[in-house]
Amino acid sequence: MAPADGEDFAIIGRSLTKPDAMAKVSGQTRFADDLALPRMLYGRLLRSPNPHARILSLDVSRARALPGVFAVLTGEDLPEKFGILPVSQDEEALAREKVRYVGDPIAAVAAADEWVAEEALALIEVRFEDLPRYMSIEEAIQGQGEPIHGRSNVHKAVALEFGDTEAALSQAAYQREDMVFFEGNTHLPMEQHAAVGHYGQDGKLTLWSSTQTPHYVHRALGKVLGLPMSRIRVIATPNGGGFGGKSDIFSHELVAARLAMVTGRPVKITLTREEVFYAHRGRHPVLMKVRTGVDRDGRIASMQFTTFLDGGAYGSYGVASTYYTGALQPATYAIPAYRFEGVRLFTNKPPCGPKRGHGTPQPRFALEVHMDRLAEDLGIDPVTLRLRNLPRANSRTVNWLRITSCGLKECIERVAEESRFLARWKSMPPGRGLGFAVSSYLSGAGTAIYWNDMPHSEVQLKLDRNGGVALFCGAIDIGQGSDHVLAAIVAEVLGIALEDVQLTTADTDLTPIDLGSYSSRVTFMAGNAARVAAERVMARLFAAAARVMGCEPEELRARDRRIFRRERQEEGIPFAQAVQAAEAEDGVVSATGSYTPPRLAGPYKGSGVGPSPAYSYSAAVVEVDCDPRTGEVRVPEVWIAHDIGRAINPVLVEGQVEGSVYMALGEALMEEQTFRLGLHKFPSMLEYKSPTTLETPVMHTYLIETIDPEGPFGAKEAGQGPLLPVIPAVANAVHNALGVRIDEIPITPDRVLRALAEKARGHAPRVGPAAIPAFSFPPPIRADVPDEWKAR
Amino acid sequence: MLRLPRLRYARPASVREAVETVATQPGAMLLAGGTDLLPNLKRRQFDATMLVSLGGIPELRAIEGDDRSGLRIGAGATLDQVASHPALTDGLRALAQACADVSTPQIRMMGTIGGNLMVDPRCNYYNQTEHWRRAVGYCLKRDGDICLVARSSPRCWAISSSDSAPVAVALEAEVTLEGPSGARRLRVSELYRDDGIAYTTRRPEEVITALELAPVDRRLTSAYWKLRRRGSFDFPILGVAVACWWEDGVVARARGALGAVGSHPVDISDYLSPLQGARPDGDLIASVAERADKPSRPLDNADLSHYWRKRMTRVYIERALRQACGLEPMAGLLSAQVRS
Amino acid sequence: MTATRVPVRLRVNGENYEVMTFPYKTLLEVLREDLGLTGTKHGCELGECSTCGVLVDGKPFLSCLALPLDLQERAITTIEGMAEAGRPHPLQVAFAELGAAQCGYCTPAMLLTARALLDRDPSPTREAIRQALSGVLCRCTGYVKIFEAVELAALRMRDGAG
């Protein structure tokens, strides 16, 4: 009923103006901090000045007594623990016994304005007993003294083996091992987090919040506040940038809600930029080791991958992050034997969580610079090496990930051709270099954060008698264009205009569940749910129209707000008339649609992270211009090809690709979270460097369409995948230009000069880790492998 | 949101009135463009209780004269005005360059040359919020007893972070200050002290009214090179300003100053004396630059490694000198010898 | 110090406003909280991102570092004043059409800064656009479509479509 492949789409595949565009360009979009309710109070959090300490006493009496202060909360008011993952319920809205990082919230006030709130915070007296601090992976492993949580600073250690990697290595014609370190960085969304709580006299709590995951916030509010979810309404406001930084449950959300309940007045809490750095949930620093054995032609025979994650003070998504550092390698290359060991440590820093790519950019960096060296060692060019190791479409990886469509080959060939990589890379002018890398990414995690059998995304449609469609979905637009995707799919199926679809999203009172705008899941999962709902509506409308027109429903087609006979297009009725006919027969025309990913996890413990209903693929070539005298690296040009499945809206997909490239360059060259004296060295937008217009390269974006069988209209993800290959491509380009390997991210000028100095002295021309810490991983779970790998 | 502290506001109509207000009102601070003061106030780096705005004094914004007759730049002229002023070409172009290099277009529209000369020396232990500074136990410059970047030092090592200051020093510019007892004039180099806290000889109740450049009667060339991570926003982590006066094709006099590697603009003119009487070529410039970085002593309180900033000093001195001497700046000899 | 409100007059988007507010509230805070003009956003309040960008007498200014009492005689333009008589500015149309606004948070500042550029240079080169926008941070777009949208708007305005 919906247009089939090969048919000319009216909306899908066109670069239309997205539904929320005009509101955004006129400043009319209401972000959380734009909300002002009558009698609203302002909340502020008191945050720990200590990286690790026991709270000996907390006296809020003077703060409570300050005129203009309406409530003060401490940990005793919100004792219930929470956390985004069921296995990591280790956070408190306000610290009770211990603080675990500088910035950890301890108390909160609601006041008439932020000046009074600041005064009140200064009147809160806290006494601490210092505890030993752990500020790095090494310190967390080796440190003595009270651990951050429980009995040790080890949060999670995992080990998995598929096939016999040692045997395969010993038989390999060649093998090598590399170690790299990827420093942590953060999302730096332009919009600071904000939440407004409102508690009605009827006992109904409403929380507006700039969150990517209203459903998870909803559940946590119920748990922590002890209210049934039906008495809580969470409305996610449009995010001014998320990138994974707004997908946890945060103290300020729980506190705004509780303060509203206690004062009976609306309470707004907006984080300062410094506090956004403390909220963090960003990229884990990861120390990695990879060893690969290959045959003479460079075909991978065996790979062993070890990762150490610096997790910060709480769990967040960290268990998933740990698995992610090992899960996708076999999705990018045909790896017949694979071992992965990973461990996440707690440290006294803001908790790390998901940032664009979630645990995969770091190992991607390691893998792609490693492959670049393998190519060099074997005398093969980097492009050919990848082409010899391609994963197969419609296959299972050795760790049971199901690959459907796979456009990696086309992506590789496209960027190599457009950049003239092979013709140029051995003869670049002085200081110039070309680097190449590839990657893959999920289109939504196949497993929900809390295990259940219910759909991951649901859409409701309700039609009005004028032919307008109200669409309800829990998915929140964080700038990636999810509103457009939903409207476009429904409008295409129903044959109406984009502007005929009215969206209501991310309101737990009104919209059915979508698990959240994270994991690149929305186009795929909410899109599929929207398609199903629209097709159900279409069935009713075609049946009613067929009765009106005296024909069979199968003969009908919908387009341009008409329903007409496919073979005789002049015979048709207006869309609105079909709606009225259907409503006359059977009441309001509405339908729901949902999407549950197929159960894809392999038969082993720990298989829940990695599976996805589809994988996107990307390939990038980066050109760098290096100054060997100063070590400065500039990027004048980037070529990137991305297997999008199908671009629902090409200009929006390009925007995601370009934004991913931009963010990757920021991470590769300048973004870093470093700590000194136990706290964040520079929690400001000036000192945490993100690229300006002056650092932006020329970007060539190529969208490869493989029309995925599971994606809505064949679409896959675009929001995260394109970031992944760019970082290692920069490192490989620096090597091509200067002959040095910078095995640390970010690639700063002083690191480049150090490597050049090593080279000049005749030492290994690299900067990077020389060893990994001694750590006893658990014995690996030796999983069975899919049949297609058993023969190899 | 990060908010200013509670403050009163005054808007005097004349410099005299401004001086009187600051002299008589405790906690009063002068407000020009606000681009340095307001962020610092929001981070509670000062105990101000009143802002005395200079925005209501139009004569402070005037720019008069030219390089032939002498240039008088009102301290209230914006950085954008100075950067684009037609008189600041040729010999005086380094000053326009320095102003154009400051931060962002927005900041340059608001910030003044007087404010930029008076930028409060910076340090990444100091330019932080009250909460952050409390967490590290404060520092010598504000609320604490120890300089956190040089713990055994009795003095503060906050960094002179002005782009215009080293250029003004190199160009031998003068400033006029007006205070309760009248006006005085001094060399820009005398405006600064080598200390991160007591960094200026300007008294709190004095208003800088103008920056003055003497008539250029000889051929003058100048250059300013700023080192920073990004092309906008960032303060200098090294600034090199040089000026050469020429006669019959040889250097008659050369002056230079380094920014962002000390608490004041560091004068390197003595190290440039070998250029005197010479027609500088690449070798001479390289040898001068190699020695002239000696007074550059960056510490670990700014962006990027201070070792690297030190190493870049000679490279940037070479580039600035080459530019001022009419040679291709990036083709210098020194650069190739950079080693760890 | 006790909090005392003072009268503040501002001319914003061609309209005259008068409010009683704290003299230590920045233009950003007065616009958003006293005048209800929430189109102007904030990212840091320290002048480190330009998200709060507005125009003062047509020039890009940071509202987070400006005091209303310093600006009572000036003409202030915010994003709400970008459209004329309900018709969006060609820059707004171009941004919307080309996907130059993703999350939309930096967009008001980007648009106003771009408008200041086109008002003084109707045919800017790519480099001039880059320089003019070098003070506004965006985390979503990588700036590419922003450049393209400014060029498209400039073209249309030169052709008289604006």
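Residues numbered from 1 in each chain as written. Chains lettered and ligands numbered in written order. Predicted model: local features only at pLDDT ≥ 70, side-chain atom pairs only at ≥ 80, totals over all residues. Heavy atoms only, no water.

A short note on the overall build of chain A
And then number 1: For chain A, the helix and strand inventory stands at 21 helices and 34 strands.
And then number 2: Relative to the compact-globule value of 28 Å for 792 residues, chain A shows a C-alpha radius of gyration of 27 Å, a close match.
And then number 3: In chain A, which comprises 792 residues, the proportion classed as buried is 70%.
And then number 4: For chain A, long-range pairs separated by at least 24 residues make up 81% of all intrachain contacts whose partners lie at least 6 apart in sequence.
And then number 5: Accessible area of chain A: about 24,500 Å², with a carbon and sulfur share of 48%.
And then number 6: Computed over 85 positive and 96 negative side-chain charges, the separation of the two mean positions in chain A equals 2 Å. (Helix = DSSP H or I, 4+ residues; strand = E, 2+ residues; numbered from the N terminus. Rg over C-alpha atoms; globule rule 2.2 N^0.38 Å. Buried < 20%, exposed > 50% of the residue type's maximum accessible area, 1.4 Å probe, protein only. Contact = heavy atoms within 4.5 Å. Areas by Shrake-Rupley, 256 points an atom, 1.4 Å probe, with all protein chains shown as cover. Lys, Arg positive; Asp, Glu negative; His and termini not counted. Charge placed at Lys NZ, Arg CZ, Asp CG, Glu CD.)

Considering the interface of chain B and chain A
And then number 1: In this assembly, 41 residues from chain B lie in contact with 44 residues from chain A.
And then number 2: Buried surface at the junction of chain B and chain A, summed over both partners, amounts to about 3,600 Å²; 52% is from carbon and sulfur atoms.
And then number 3: Three residues stand out in chain B for area buried against chain A, namely B:His131, B:Arg229 and B:Arg230, and they jointly supply 18% of the buried area on that side.
And then number 4: The salt bridge partner of A:Lys689 is B:Asp303, with a shortest N-O separation of 4.0 Å.
And then number 5: There are 21 residue pairs in polar contact (both at pLDDT 80 or more) connecting chain B and chain A.
And then number 6: Of all elements in the fold, only helix 7 (130–135) and helix 10 (306–324) of chain B reach the threshold of two or more residues within the side of chain B that touches chain A.
And then number 7: With six residues, helix 10 of chain B is the single largest residue contributor to the side of chain B that touches chain A.
And then number 8: Looking at the side of chain B that touches chain A, its residues break down into 19 nonpolar, nine polar and 13 charged. (Buried area = accessible area lost by both parts, 1.4 Å probe. Salt bridge = Lys/Arg side-chain N within 4 Å of Asp/Glu carboxyl O. Polar contact = N/O pair within 3.5 Å; in protein donor to acceptor, adjacent residues only side chain to side chain. Nonpolar A, V, L, I, M, F, W, Y, C, P; charged D, E, K, R; others polar.)

Focus: the confidence of the model for chain B
And then number 1: Averaged over chain B, the pLDDT score is 96; the fraction of residues at 70 or greater is 99%.
And then number 2: For this predicted complex, the interface score ipTM comes out at 0.97, while the overall pTM is 0.97. (pLDDT = per-residue confidence, 0-100.)

Quick look at the interface of chain A and chain C
And then number 1: Each partner contributes to the interface: chain A provides 51 residues, whereas chain C provides 45 residues.
And then number 2: For the chain A face of the interface with chain C, the top three residues by lost area are A:Val25, A:Met190 and A:Thr693, together amounting to 19%.
And then number 3: Where chain A touches chain C, the interface holds six salt bridges.
And then number 4: Applying the counting criterion to the chain A and chain C interface returns 28 residue pairs in polar contact (both at pLDDT 80 or more).
And then number 5: Of all the secondary structure elements, the ones that give two or more residues to the side of chain A that touches chain C are helix 1 (21–25) and helix 18 (650–669) of chain A.
And then number 6: The element best represented in the side of chain A that touches chain C is helix 18 of chain A, accounting for nine residues.
And then number 7: Its residues assigned to classes, the side of chain A that touches chain C comprises 19 nonpolar, 20 polar and twelve charged.

Some thoughts on the domain arrangement of chain A
How big an interface is tends to be reported as the loss of accessible area on association of its parts.
Residue and element names in this part refer to chain A.
And then number 1: What the domain assignment reports for chain A is domain 1 (48–131 + 187–279), domain 2 (159–185 + 282–446 + 603–781) and domain 3 (455–595).
And then number 2: The distance between the C-alpha centroids of domain 1 and domain 3 comes to 39 Å.
And then number 3: Counting from both sides, the interface comprises 20 residues of domain 1 and, opposite them, 16 residues of domain 3.
And then number 4: Of the roughly 1,200 Å² buried between domain 1 and domain 3, counting both surfaces, carbon and sulfur atoms make up 51%.
And then number 5: Contact with domain 3 buries surface across domain 1, with Gln-212, His-215 and Arg-233 losing the most and accounting together for 37% of the total.
And then number 6: Counting every contact that joins domain 1 to domain 3 gives three salt bridges.
And then number 7: One salt bridge in this structure joins Lys-204 and Asp-509, with 2.8 Å as the shortest N-O distance.
And then number 8: Elements supplying a minimum of two residues to the side of domain 1 that touches domain 3: helix 6 (214–225) and strand 11 (232–236).
And then number 9: No other element matches the five residues that strand 11 contributes to the side of domain 1 that touches domain 3. (Domains from an automatic or database assignment.)

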